[in-house]
Amino acid sequence: MEYLNLFSNCQLVKGANRTLICDLQMQKSYPVSNDVAGVLHFLKDHSIEECIHVYGAENEEAIISYVNFITDKEMGFIDNRIVTGLSALDLSWDAFSDITNVIIEFNENLDYNNRFFNTLFNLNVSALEIRCYQNTDLEKLEKFINIFNGSVLNYIKLILPYSAAIDTEWLETLAKKNLRIRSFLFHSAPEDKTERIYKNTVQLTYYSKAINDCLACGLIRQAYFSTNMELFTESMQHNTCLNRKLSIDFNGLVKNCPSMQHDYGYMFETDLTDLLADNDFSKYWNIRKEDIEVCKDCEYRNVCTDCRAYTEQSHANDLGLDVSKPLKCGYNPYNNEWDEWSTNPLKQKAIQFYGMQQLVKTHEA
């Protein structure tokens, strides 16, 4: 008899209508029908011959094709036994810091040399996103970025308005001086395109739409899905957007995210230790996709981000926390189709509530 042994790094995430096979080592994912997933689950404990016997000889060709798909993609192998020595995958998640990622809406007129800011970046923060919605003084921006040289940050992303003054030479020089810079996103660009600079290590993404404020945040798209161990395991226990996140908005207000309505005071006045001890600040950290309406039935839930700032506002849990579907998601896991979220009649009330009418018009243009 022959047995299909699926590698433990290949996880099956069942949705309402499809299952996503997530290869966390190769960082790829494959949607299959739930019927296919049922066969793969059966093969975990039974031989291929037993599977054909149970499902019927008329399904033999299909079953063999499923097995070949797994082996062709190197997600498993065939043996004359179930190999029990394969290591089980540790799906636990943790981080060394109380805050792992920070968003700053850069304001060249603010003094970031203050106690809150300095204490924050002594917390082993690993990722920083710096947003500039309008043209800013590049010399002041570069001086601000230089603050993080010598820090434990390992990833900096810059969001900037497109400008002919920002050429490849300037970007190369900035990246060489600041090795933590991994990507740039230029909004309001002449066209959508992607390229790489500095020995192919820094990605440049040009986006034709304008990003004028934080209302543009929270979009759910397939292009944003990420199949990796870090996101997958975090999503099983925490919120993939807000967990251990802190932001400082354009006015210096401390928030969970710039798009959130509630703030925790100005950075000049807020004590970080007191903030981290405040349960209200971390109340959304543990809202998983499994807890969110519609998302809990989606096969993409463990490779997707989330948004609690802009939602359909249709459900709350027992604690009064919003667990409704992200407003800017147009995917339907019950028929596996993507629709334009901004034109969905059921979302218009929420769009008006958030004042996104102009953003939607721009998005549709």
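Residue numbers here run from 1 along each chain, matching the order of that chain's written sequence. Totals for whole chains, interfaces and linings use all residues, but because this is a predicted model, local features are given only for residues with pLDDT of at least 70 and pairs of side-chain atoms are given and counted only at 80 or more. To obtain the side-chain values, all non-hydrogen atoms of the structure were used and water was disregarded.

A. Quick look at helix α5 (residues 138-145). Taken together, the buried positions of α5 are Leu141, Glu142, Phe144 and Ile145. Relative to the axis of α5, the buried residues are bounded by an arc of 160° and lie together on one face. Of the residues in α5, the exposed ones pointing more than 90 degrees away from the buried face are Glu139 and Lys143. On its buried side, α5 packs onto β6 (101-105), α4 (115-120), β7 (127-131), β8 (155-161), α6 (168-177) and β9 (181-187). Between N or O atoms, a polar contact is any pair within 3.5 Å; within protein, one atom must be a potential hydrogen donor and the other a potential acceptor, and residues adjacent in sequence are included only when both atoms are from side chains. Strands here are runs of E lasting at least two residues and helices are runs of H or I lasting at least four, both read from the DSSP assignment and numbered beginning at the N terminus. Among the residues of α5, the N-terminal cap falls to Asp137, whose side-chain oxygen and the backbone nitrogen of Glu139 are separated by 2.9 Å. Each residue gets one of three labels from its accessible area relative to the maximum for its type: buried under 20%, exposed over 50%, partly exposed in between, using a 1.4 Å probe on protein chains only. For this quantity, the arc is that covered by the directions from the helix axis to the C-beta atoms. Only heavy atoms matter for contacts: two residues are in contact if any of them lie within 4.5 Å across the pair.

B. View of the environment of Val102. Positionally, Val102 belongs in strand β6. On the basis of relative accessible area, Val102 is assigned to the buried category, the value being 2%. Each C-alpha atom of the pair Val102 and Phe121 lies 9.2 Å from the other, and the pair is 19 residues apart in sequence. With residues up to four places along the chain from it excluded, the contact list for Val102 reads Leu120, Phe121, Val125, Ala127, Leu128, Glu129 and Leu246.

C. Unusual backbone geometry, seen in detail. Of note, Gln27 is a non-glycine position whose phi angle comes to about 60°, a positive value. Examined against the element boundaries, Gln27 turns out to sit in the loop between β3 (18-23) and β4 (28-33).

D. The arrangement of the side chain of Asn34 in detail. Mapped onto the fold, Asn34 is located in helix α1 (residues 34-43). Its relative accessible area of 19% is what places Asn34 among the buried residues. Here the side chain of Asn34 touches Thr19 through a polar contact of 2.7 Å, side chain to side chain. The contacts of Asn34, once residues within four sequence positions are left out, are Lys14, Gly15, Ala16, Asn17, Arg18 and Thr19.

E. Structural detail: the packing of helix α2 (residues 48-55) against helix α3 (residues 60-72). Packing of α2 against α3 brings their axes to within 9 Å, and their N-to-C directions diverge by 145°. The interaxial crossing formed by α2 with α3 has right-handed handedness. The segment α2 lies against α3, with Ile48, Cys51, Ile52 and Tyr55 engaging Glu60, Ile63, Ile64 and Val67. Here the contact of α2 with α3 is built from residues that sort into 7 nonpolar, no polar and 1 charged. Throughout, an axis means a line fitted to C-alpha atoms (over the contacting stretch in the case of helices), and angles, computed between N-to-C directions, take values from 0 to 180 degrees. For any pair of crossing helices, the crossing counts as left-handed if the nearer helix is rotated counterclockwise from the farther one by less than a right angle, and right-handed if it is rotated clockwise. Residues are grouped as follows: Ala, Val, Leu, Ile, Met, Phe, Trp, Tyr, Cys and Pro are nonpolar; Asp, Glu, Lys and Arg are charged; all remaining types, including Gly, are polar.

That's the geometry; what it means functionally is another story.
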